[in-house]
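Here are the chains, one letter per residue:
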Amino acid sequence: MRYNSEMTEIHIALAQINTVLGDVSANLRKHIDYIDQAVSQAADLIIFPELSLTGYVLQDLAPIVACKPRADDPIFGPLLEASRKIDIVAGFVDEDDRHRFYISQAYLSRGQVAHVHHKVYLPTYGLFDEGRFFAWGDEIRAFDTRFGRVGMLICEDFWHASPPYLLWLDGADLLLFSSASPGRGLTREPKLESARWVEHINRAYASLFTSFVVHTNRVGYEDGLHFWGGSTIFNPDGGLVAQAPYHEEALTLATVDLGWLHRTRARLPLLRDERTSLVNAELNRIVNKG
Amino acid sequence: MTDKPNPALVDLNINPNLARQILAGFIRSELARVGISKAVLGLSGGVDSALACVLAVEALGPTNMVAVRMPYRTSSQESLDHAMMVADNLGIDLLTIPITDMADALISHNPKMDNTRRGNIMARCRMIVLYDLSAEHHGLVIGTGNKTEILLGYSTLFGDSACALNPLGDLYKTQVRQLSRDLGVPEVIVAKPPTADLFAGQTDEGDLGYTYAFIDPLLYLLVDERYTILDCVAAGYEQGLVERVVERIRRNQFKRMLPPIAKLTNRTVGYDFLYLRDWGT
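Calculation rules
- Residues numbered from 1 in each chain as written.
- Chains lettered and ligands numbered in written order.
- Predicted model: local features only at pLDDT ≥ 70, side-chain atom pairs only at ≥ 80, totals over all residues.
- Heavy atoms only, no water.
- Helix = DSSP H or I, 4+ residues; strand = E, 2+ residues; numbered from the N terminus.
- Rg over C-alpha atoms; globule rule 2.2 N^0.38 Å.
- Buried < 20%, exposed > 50% of the residue type's maximum accessible area, 1.4 Å probe, protein only.
- Areas by Shrake-Rupley, 256 points an atom, 1.4 Å probe, with all protein chains shown as cover.
- Lys, Arg positive; Asp, Glu negative; His and termini not counted.
- Charge placed at Lys NZ, Arg CZ, Asp CG, Glu CD.
- Contact = heavy atoms within 4.5 Å.
- Axes fitted to C-alpha atoms, helices over the stretch in contact; angles between N-to-C directions.
- Left-handed = near helix turned anticlockwise from the far one by under 90°.
- Nonpolar A, V, L, I, M, F, W, Y, C, P; charged D, E, K, R; others polar.
- 1 Å grid on protein atoms, 1.4 Å probe; cavity = no way out; pocket = protein on both sides within 12 Å on 5 of 7 lines; lining within 4 Å.
- Points joined across faces, edges and corners; volume = space filled by probe spheres on them.
- Parallel < 35°, antiparallel > 145°, perpendicular 65-115°, else oblique.
- Salt bridge = Lys/Arg side-chain N within 4 Å of Asp/Glu carboxyl O.
- Polar contact = N/O pair within 3.5 Å; in protein donor to acceptor, adjacent residues only side chain to side chain.

**A word on the overall build of chain B**
Then, number 1: Counting secondary structure elements, chain B contains 12 helices and 4 strands.
Then, number 2: Here the C-alpha atoms of chain B give a radius of gyration of 19 Å, agreeing with the 19 Å that 2.2 N^0.38 yields for 281 residues.
Then, number 3: C-alpha extents for chain B along the principal axes are approximately 55 × 50 × 45 Å.
Then, number 4: The buried share of chain B, reckoned over its 281 residues, is 52%.
Then, number 5: By element, 56% of the accessible surface of chain B is carried by carbon and sulfur atoms, the whole surface being about 13,400 Å².
Then, number 6: A distance of 5 Å separates the average location of the 27 positive side-chain charges in chain B from that of its 32 negative side-chain charges.

**Quick look at the side chain of Ser75(B)**
Residues and elements named next belong to chain B.
Then, number 1: Along the chain, Ser-75 turns up in the loop between β2 (65-69) and α3 (77-90).
Then, number 2: Among the residues examined, Ser-75 registers a relative accessible area of 16% and is labelled buried.
Then, number 3: Leaving out residues up to four positions away in the same chain, Ser-75 has contacts with Arg-126 and Asp-197.

**Description of the packing of helix α1 (residues 16-32) of chain B against helix α2 (residues 47-60) of chain B**
Residues and elements named next belong to chain B.
Then, number 1: Axis separation between α1 and α2 bottoms out at 8 Å; the angle between their running directions is 65°. Of the two possible hands of crossing, α1 and α2 adopt the one that is right-handed. Residues Arg-20, Leu-23, Ala-24, Ile-27, Arg-28 and Leu-31 of α1 lie in contact with α2, whose contacting residues are Leu-55, Ala-56, Glu-58, Ala-59 and Leu-60.
Then, number 2: Looking at the contact of α1 with α2, its residues break down into 8 nonpolar, no polar and 3 charged.

**Focus: empty space enclosed by the protein**
A probe matching the size of a water molecule, rolled over the atoms, marks out where space remains unfilled.
All names here are of chain A.
Then, number 1: Under the definition given, this model contains 2 cavities of 30 Å³ or more.
Then, number 2: If you add up the space inside the largest cavity, you get close to 40 Å³.
Then, number 3: Lining the largest cavity are Tyr-125, Phe-128, Cys-155, Glu-156, Trp-159, Ser-181, Pro-182 and Arg-184.
Then, number 4: Of the residues contributing to the lining of the largest cavity, the split by class is 5 nonpolar, 1 polar and 2 charged.

**A closer look at the packing of helix α7 (residues 173-182) of chain B against helix α10 (residues 212-224) of chain B**
Think of two packed helices as two axes; the pair is described by the angle between the axes and how far apart they sit.
All names here are of chain B.
Then, number 1: Taken N-terminus to C-terminus, the directions of α7 and α10 make an angle of 115°; their axes are 8 Å apart at the nearest point. Classified by the angle between their axes, α7 and α10 sit roughly perpendicular to one another. Each of Lys-173, Thr-174 and Arg-177 in α7 lies in contact with α10, whose residues at this interface are Tyr-212, Ala-213 and Asp-216.

**Examining the pattern of salt bridges**
Pairs may arise between side chains of opposite charge once their charged atoms sit close together.
Then, number 1: Inspection of the entire model under this criterion finds 31 salt bridges over all chains.
Then, number 2: Between Arg267(B) and Asp60(A) there is a salt bridge whose closest N-O contact spans 2.5 Å. Placement of the pair is Arg267(B) in the segment after α12 (239-251) and Asp60(A) in the loop between β2 (45-47) and α2 (62-65), with the two residues belonging to separate chains.
Then, number 3: Since its relative accessible area comes to 42%, Arg267(B) is described here as partly exposed.
Then, number 4: Overall, the relative accessible area of 17% leaves Asp60(A) in the buried class.
Then, number 5: A salt bridge links Arg218(A) to Glu222(A); the nearest nitrogen and oxygen atoms lie 2.6 Å apart. For the pair formed by Arg218(A) and Glu222(A), the shared burial category is buried.

**Some details on the side chain of Arg146(A)**
All names here are of chain A.
Then, number 1: Within the element layout of this structure, Arg-146 appears in the loop between β6 (143-145) and β7 (148-154).
Then, number 2: At 3.2 Å, the side chain of Arg-146 forms a polar contact with the backbone oxygen of Asp-44.
Then, number 3: Here the side chain of Arg-146 touches Asp-87 through a polar contact of 3.0 Å, side chain to side chain.

So, in structure tokens, the structure goes:
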């Protein structure tokens, strides 16, 4: 753990919101409202879901709702201003200089864009059709914040094991996951299969990487799809720190004690003992064979 | 009629509280986002419309329901009584708008018309009544078609399948029955043989040739679990029957889609003009 921050406790706000499909201005107003609430409750960091500024099943709306994470952008201008009081993670469609559109998550802090992550795994199967409308991101990078080193992933990114693993190796102790996860798999159990799966893997990542895993999922409906919420924070022991309600909008605040990293890793040195060169050698062999 | 026990590997039980929460939320959301507070719903006296009504009342409240019975002269008194029982239990008003005159105006042109044609006319007359009530009360028509009948095509196109939104379409009939029991639909309605009530003595299971208790697990394996025909045979189903069910699902695809548009331009509705209905809301 890098103690390069001025604090060892972070007050995290999970902004589990519904969105208006394709109405970025309306969604921005909700962001500002939730940010104001979080600031009034002394939160340090607020995390919105995937595509929180646009809605999820965008289809042909994708190019229309795209914006640029810059101070002169009418959407990002107010968000960057708000980030002087609280760090903000928000979801949007990023249009790059070559006019490719990415499902994206921005980390804003102290009036600056600290990092933008482009979703690297676009589910294009079953009910999903992201690959038809969006470009694939091609970087998985941790970045430094005032709370230490952080990594961001979006939904399908963390259904694959490698992106969280890479962020861990790149120094992230705080994994910030955002999603717009459509609920599916109704059984006799009180929890949907999709919810069970996501909670299962997030708890596993926290345990395997002895890190904090923070997940904000959205709520609401888009046509017949519903988003189940249930946002979570897991600690480096895999313990549940906080959980937002299922199916309802909520601003859920929780305090994360960064000292937990020290305590868990003193007991369980999985990071110390991770043999990255071995992994690298074997990956090279597997990728290059034949 | 084919009626043998469910294969042990299929568990169609659902969590009622979770189902109710998602489905009532769906109805509430789909109406609220277009600024509509009322639901229009045909109460047949059967279990599907009873469950849809329970969910709609939970979503919108009893005063926002426009529920209607639409009997034809051959409709059974029991169906009418059961519809009233549902309305009374939920504390909602119930309209009665008979369709006999409008249906017979067409049927009388051809007295030799078979039951299928008569039934389709009745179903489409009821659709006309529901959509007129929709205009009169500024309400959206709640559909009552379940997954079993959607897959098997056991419905009348532009008739009973016509609706603004359908909360039951991803529940097999077996699950509709279970959820109905769990949510307090009277047992007499849940337990009676399902019928379209288009002619005396008609039952769904007689029309289809198999019981819902039998067919739902097979549909679940084929559709939800993506079993092949041979997988189903290995699971204990007779191959000819599985093939007939698969063919029936295929043959009825047209009932599950909007009519195809012949593509001419670079951007065509349905192919590359793609927006959700909830676009902008």
